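Listed below are the residues making up each chain.
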Amino acid sequence: MKVLAVLYPDPAGGYPPQYARDSIPVIDRYPNGQTTPTPSGLDFTPGELLGSVSGELGLRGFLEAAGHKLVVTSDKDREGSDFDRELASADVVISQPFWPAYLTRERIEAAPNLRLAITAGIGSDHVDLDAAIEHGITVAEVTFSNSISVAEHTVMMILALVRDYLPQWQVVKDGGWDIADVVSRSYDLEGMHVGAFGAGRIGTAVLRRLKPFDVHLHYTDKHRLPPEVEAELGVEWHETVQDMVPQCDVVTIHAPLHHETEGLFDEALLGTMRRGAYLVDTARGKICDRDAVVRALESGQLAGYAGDVWFPQPAPPDHPWRTMPHHGMTPHTSGTSLSAQARYAAGTREILECFLEGRPIRDEYLIVDGGALAGAGAHSYTAGGR
Ligand code: NAD
């Protein structure tokens, strides 16, 4: 079998980087009791950089020992890229959402051997799921592998926006002490109304982490949380996002990108938010209307916007979200901490072992299988319409 992995480029300073820490904590189970990945072995030390080209997701030893071929590249977008060339004879494609190899319908149709597309991470919208369904391609992701990573990043961004942390940090870097200037947009989160659009693995983890801040919690999701979880979190459910956002000071987005969510946070919806609300999106960039976000920040309708998800990725140097006012954007990093990489690299190997040995892939890892949405995909995505 030929396995094609499209990974982000190595660090500019060379590979491997100098690590800040010697180890990472061992995590055996996720908050819902699901076990972390269980491959037959690992050819890497957890905590190493695995998501870049030289890291190879730690897969080469295992794949080559079993007689398979691994091709790794970061060259994915230009005309005649390595990705396009190698895809023509690939059986399996692995891609990370941070450096997405966009598996469009045209590419799927140009890949006659393709049977499996693995998302090393979570979020498979870079694959045309309708085309995968039609062509009998299995799409799998490493469910839960980086959910807590993203939840932590989200809480960091909410606090950074409300307290206006980044300009204060900049004053220090610049040698200044301009307190009046930088506290003019700084507030406490305590007492604010915070709403999650989507309360699955990440959204619920964000709500749970915010509860001790003594905020009022809200959410909307097409699947309502169990009553005991609503009671534990003290969170108010809203039937629609339109009902929820006017009641919130902070809105955080945690639903997947599909035809129901694409462009949902447009001029009209942003216009119903409280003046000076904050919006954080660590789900997918296309859920927000790019230019409407810029205008809302310029007019003061939004006091701040942060997130780590863009379209396209990598974002071009002139993407307006790089320079819009009051933003706290990062590149797509929240789900690819070294801690997360250890889990999703192990999960990628688990999925490959199952596929190559003809064993079933865990149901919770499946997005598309057998010509239909399956597993986690059937719960969270809607087919068609895009
Ligand atoms: P999940 O499947 O556990 O939860 C998604 C929730 O969204 C589900 O509860 C689902 O019912 C809800 N939902 C879907 N469509 C909806 C709609 N139209 N209206 C209301 N609710 C809707 O997924 P998760 O693990 O929490 O991840 C959520 C998303 O976060 C992923 O799909 C991915 O796009 C993104 N993500 C980003 C990163 C990152 O690095 N920034 C990492 C992991 C995941």
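Preceding this paragraph is the structure being described.
Reading the values: the criteria
Residues numbered from 1 in each chain as written. Predicted model: local features only at pLDDT ≥ 70, side-chain atom pairs only at ≥ 80, totals over all residues. Heavy atoms only, no water. Helix = DSSP H or I, 4+ residues; strand = E, 2+ residues; numbered from the N terminus. Rg over C-alpha atoms; globule rule 2.2 N^0.38 Å. Buried < 20%, exposed > 50% of the residue type's maximum accessible area, 1.4 Å probe, protein only. Contact = heavy atoms within 4.5 Å. Areas by Shrake-Rupley, 256 points an atom, 1.4 Å probe, with all protein chains shown as cover. Lys, Arg positive; Asp, Glu negative; His and termini not counted. Charge placed at Lys NZ, Arg CZ, Asp CG, Glu CD. Axes fitted to C-alpha atoms, helices over the stretch in contact; angles between N-to-C directions. Parallel < 35°, antiparallel > 145°, perpendicular 65-115°, else oblique. Left-handed = near helix turned anticlockwise from the far one by under 90°. Nonpolar A, V, L, I, M, F, W, Y, C, P; charged D, E, K, R; others polar. Pairing = 2+ DSSP bridges. Near = heavy atom within 4 Å. Polar contact = N/O pair within 3.5 Å; in protein donor to acceptor, adjacent residues only side chain to side chain. Phe/Tyr/Trp six-rings, centres within 6.5 Å; stacked < 30°, edge-to-face > 60°. Salt bridge = Lys/Arg side-chain N within 4 Å of Asp/Glu carboxyl O. Right-handed = clockwise from strand over helix to strand, strands pointing away.

Colleague: Please clarify how the overall build of the protein should be interpreted in this entry.
Modeller: When its secondary structure is counted, the protein shows 14 helices and 13 strands. Computed over the C-alpha atoms, the radius of gyration of the protein is 21 Å, within 12% of the 21 Å expected from 2.2 N^0.38 for a compact globule of 386 residues. Its C-alpha atoms put the protein at 65 × 50 × 40 Å along the principal axes. The buried share among the 386 residues of the protein stands at 54%. Counting contacts in the protein only where the partners sit at least 6 residues apart, residues at least 24 apart contribute 68% of the total. When the accessible surface of the protein is summed, it comes to about 16800 Å², and 52% of that surface belongs to carbon and sulfur atoms. Placing the 32 positive and 53 negative side-chain charges of the protein at their respective mean positions leaves the two points 2 Å apart.

Colleague: When you look at the packing of helix α5 (residues 147–163) against helix α8 (residues 201–210) in this model, what are you seeing that I'm missing?
Modeller: Each pair of packed helices can be summarised by the angle the axes make with each other and by the distance between the axes. Axis separation between α5 and α8 bottoms out at 8 Å; the angle between their running directions is 50 degrees. As judged from the angle between their axes, α5 and α8 are oblique. Here α5 runs over α8; the crossing is right-handed. Side by side, α5 and α8 meet where Ser 147, Ile 148, Val 150, Ala 151, Glu 152, Thr 154, Val 155 and Ile 158 of the first sit next to Arg 201, Ile 202, Ala 205, Val 206, Arg 209 and Leu 210 of the second. When the residues that make up the contact of α5 with α8 are grouped by side-chain class, the tally is 9 nonpolar, 2 polar and 3 charged.

Colleague: Is there a simple way to think about the sheet that holds strand β9 (residues 250–253) in this case?
Modeller: Adjacent strands of a sheet form backbone hydrogen bonds with each other and so pair up, either parallel or antiparallel. Strand order across the open sheet formed by 6 strands is β8-β7-β6-β9-β10-β11, with parallel pairing between neighbours. Each having just a single partner strand, β8 (235–237) and β11 (302–307) make up the two edges of the open sheet. If you compare each strand with its neighbour and ignore which way they point, the axes differ by 20 degrees on average. Judged from the 4 bridges that link them, strand β6 (residues 193–197) and β9 form a sheet pairing that is parallel. For Val 194, the partnering residue across the bridge sits in β9 and is Val 250.

Colleague: Help me understand the site of the ligand, please; the structure alone is not making it clear to me.
Modeller: Taken together, the neighbourhood of the ligand is formed by 29 residues, with Arg 201, Ile 202, Asp 221, Glu 260 and Ser 380 sitting nearest. Between the ligand and Asp 308 there is a distance of 3.1 Å, counted from a nitrogen atom to a side-chain nitrogen or oxygen. In the complex, 94% of the free accessible area of the ligand, which totals 860 Å², lies under the protein chains. Taken together, the elements giving at least two residues each to the shell around the ligand come down to α5 and α8.

Colleague: What is the right way to look at the packing of aromatic side chains in this model?
Modeller: We describe a pair of aromatic rings using the distance from one ring centre to the other and the angle between the two ring planes. Under the counting rule described, the total for this entry stands at 6 aromatic pairs. A ring pair is formed by Tyr 305 and Trp 321, whose centres lie 5.1 Å apart and whose planes are at 50 degrees; its orientation type is tilted. With Tyr 305 in strand β11 and Trp 321 in the loop between β11 and α13 (338–357), the pair connects residues that are 16 residues apart, well separated along the chain. Residues Tyr 305 and Trp 321 agree in their burial class; the two are buried. Among the aromatic residues, ring-to-ring pairing joins Tyr 305, Trp 310 and Trp 321 into one connected group.

Colleague: Would you explain the side chain of Thr 330 in this entry?
Modeller: Within the secondary structure, Thr 330 is located in the loop between β11 and α13. Within the structure, Thr 330 has its side chain in polar contact with the side chain of His 153 (distance 3.2 Å).

Colleague: Any chance you could explain the pattern of salt bridges here in plain terms?
Modeller: Side chains bearing opposite charge may pair, as long as their charged atoms lie close to each other. In total, this model carries 23 salt bridges according to the counting rule given. In this structure, the salt-bridge partner of Arg 349 is Asp 43, at a minimum N-O distance of 3.6 Å. Note that Arg 349 is positioned in helix α13 and Asp 43 in the loop between β1 (2–6) and α1 (60–65), a separation of 306 residues in sequence. Exposure remark for Asp 43: the relative accessible area of 46% places this residue in the partly exposed category. Asp 77 is the partner of Lys 76 in a salt bridge, and the nearest nitrogen-oxygen pair spans 2.9 Å. We classify Asp 77 as partly exposed; its relative accessible area is 45%. A cluster of three or more residues bridged by salt bridges with shared partners is formed by Asp 43, Arg 349 and Glu 353.

Colleague: Would you mind going over the pairing of β11 with me for this structure?
Modeller: Regular strands place side chains that alternate from one sheet face to the opposite one. Burial within β11 is extensive, with 6 of its 6 residues counted as buried. As judged from the 5 bridges shared by strand β10 (residues 277–281) and β11, these two strands associate in the parallel manner. Along β11, the bridge assignment pairs Tyr 278 with Gly 304. Note that the unit made of β10, helix α12 (residues 290–299) and β11 has a crossover that is right-handed.

Colleague: Just to check I follow, could you spell out unusual backbone geometry for this structure?
Modeller: Among all residues save glycine, negative phi is the norm, and among peptide bonds the norm is trans. Across the junction of Tyr 15 and Pro 16, the peptide omega takes the value -5 degrees, indicating a cis bond. One can find Pro 16 in the loop between β1 and α1. Between Gln 313 and the following residue, Pro 314, the backbone shows a cis peptide bond with an omega angle of 0 degrees. Residue Phe 144 is not a glycine yet carries a positive backbone phi of 80 degrees. Summarising the element assignment, Phe 144 is placed in the loop between β5 (138–141) and α5.

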